[in-house]
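# Coordinate inspection notes
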Amino acid sequence: MSGTMKQQVMTAPGEIIFEEVETPQPGSGEVLIKIKRIGICGSDIHVYHGKHPYTSYPVTQGHEVSGEVVAVGEGVTGLAAGDRVTIEPQVTCGECYPCRHGKYNLCENLKVMGFQTTGTASEYFVTDAAKVDKLPADVSYDEAAMIEPLAVTVHAARQAGDVTGKDIVVLGCGPIGILLIEVLKAFGARKVMATDVSDYRLKLAAECGADVTVNTKQNDFAAALLDAFGPDKADIIFDCAGNDITMDQAIQNARKGSQIVLVAVYAGRANCDLAKLNDSELDLSTSMMYRHPDYEEAIHLLSVGDVQLRPLMSEHFAFADYKKAYEYIDSNRETTMKVLIDVDAAAD
C-alpha cells in the first residue's frame, strides 16, 4: 500500500508531535503491520520525563504492541494479510558472544524499539518477519499489547529454575510484579506472598493470585515473612520494586542459602549489604527482558487462561491523545497499572 501515515514523535521530554510520513513498504523478509494497540510502560514514562539514560530525542515510542498484518515482503512464510500479531521489539546484532550463544537478550549492541531505534507508535510499521508472533483467535488486541511485559515475567520466573511447590515472595506490585505472581502460580508455586506500600495494588495482587499480601509501610517485613511461611521462610524472593529498601528487606531476611532474583531496573547505583549476602550464601541473580521462547510461553499462558490481563488495564487513549495518556498516568500514579493507546480510536 502507498500513501502517508501519522507517526508519533517525542521531540523532547514532555513534548509529543505527530508527523505525516510515507507509509513504509515491506522489503524482503519483512512484514507491514497496521498497529492496533500500544502499551505504555514505566520505561516509556522515564523517557517522557527525560530520565531514561539510554534514550535520546527525537524518538518514536512504542514497544508493547499488537496489530494486523496488511502485507508481507518477498520470502516471508507463515504470515499473511489479516493475521493478528504482536512484535518482539529487540533489535540485536547477531554477532556478539551473547547473540552467538542464544542469549541475544543480552546483546552487546542491543537496541529496543521505542528507545534506541524507531518504535511502533505509528499507524503502520514494518519489521522483520522473525520478530512477529501470530496471536490465537481468543487473544484480543488489548491483551496482545501486554504480551511483552508478560514475557518479561516468564523470563524472570525461569531465571529461578523450577518453581513447582516453592514458597515465594514478590516485592513490588506494579504491573510486572502482579504479572509475575500470575506466572509463578501458573508454573506451580505453592504459596506467593506479595508486598507493596499501596493497599490498592495489594488488593489487585490478591485478585490476581497472591496468597498473602503485606503492606510493608504498615507491617514489619521480617515478621510477615515468618507469619506467611514459618521459620523456613521463602525459597525465592523476587524484587520487582528495585530500590535499596526492598533489596535490603530481601538480603536481611532471606533464608540462608536461598535465592533472590532482581527483576526491576534500578534507577541509580544500589547501596546494599553484600557482606550479609555473602554471609548467608545467598544466590543473587538477575533477569533481563526475554527471548523468543518466553514470548511463546506468554502467549500460551494467555490463550489457555492461566493468566488474566484485563484487571491490569487502567485506561485507553486515542492515538492523537498520546500526551493525555502520560498526563493521566502522572495524575493517577498509585492506581494506574497499564494504559493502552488505541491507534484506531478517535481523539476526544
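Residues numbered from 1 in each chain as written. Predicted model: local features only at pLDDT ≥ 70, side-chain atom pairs only at ≥ 80, totals over all residues. Heavy atoms only, no water.

On a plain count of helices and strands, the chain comes out with 11 helices and 17 strands. For the chain, whose C-alpha radius of gyration is 20 Å, the value lies close to the compact-globule estimate of 20 Å for 348 residues. C-alpha atoms of the chain, sized along the principal axes, occupy 65 × 45 × 35 Å. A fraction of 70% describes how many contacts in the chain between residues 6 or more apart in sequence connect residues 24 or more apart. Counting every atom, the chain has about 15000 Å² of accessible surface; 47% of that belongs to carbon and sulfur. (Helix = DSSP H or I, 4+ residues; strand = E, 2+ residues; numbered from the N terminus. Rg over C-alpha atoms; globule rule 2.2 N^0.38 Å. Contact = heavy atoms within 4.5 Å. Areas by Shrake-Rupley, 256 points an atom, 1.4 Å probe, with all protein chains shown as cover.)

Soluble, globular proteins show a tendency: their nonpolar side chains are buried together. Of all hydrophobic cores here, the largest spans 86 residues; its most connected members are I40, I168, V170, L180, L184, F238 and Y322. Among the elements that make up this core, the one with the highest residue count is helix α4 (residues 147–159) (7 residues). Residues in contact with I40, not counting those within four places in the same chain, are I45, E64, Y322, A325, Y326, I329, K338, V339 and I341. Counting 20 residues, the second largest nonpolar core, distinct from the first, contains V169, A224, A234 and I260. (Core = buried A, V, L, I, M, F, W, Y, C linked by side-chain atoms within 4.5 Å. Buried < 20%, exposed > 50% of the residue type's maximum accessible area, 1.4 Å probe, protein only.)

Here the bond from Y57 into P58 is cis, since omega is 0°, no more than 30 degrees from zero. Mapped onto the secondary structure, P58 falls in the loop between α1 (42–48) and β4 (64–72). Although it is not a glycine, E281 adopts a positive phi angle of roughly 45°. Mapped onto the elements, E281 comes out in the loop between α9 (274–279) and β15 (283–286). We classify E281 as exposed; its relative accessible area is 66%.

Per the counting criterion, the structure on display carries 16 salt bridges. Between E64 and K338 there is a salt bridge whose closest N-O contact spans 2.8 Å. Here K338 lies in strand β17 (residues 338–342) and E64 lies in strand β4, a separation of 274 residues in the sequence. For E297, the salt bridge identified is with R158, shortest N-O distance 3.8 Å. With a gap of 139 residues between them, E297 in helix α10 (residues 292–303) and R158 in helix α4 connect regions that are remote in the sequence. Judged by its relative accessible area of 37%, R158 falls in the partly exposed class. Linked by salt bridges that have partners in common, K34, K36 and D344 make up one network. (Salt bridge = Lys/Arg side-chain N within 4 Å of Asp/Glu carboxyl O.)

Along the chain, D128 turns up in strand β8 (residues 124–128). C-alpha of D128 to C-alpha of I35: the two residues are 93 residues apart in sequence and 15 Å apart in space. Apart from the residues lying within four places of it in its own chain, the contact partners of D128 are G29 and E30.

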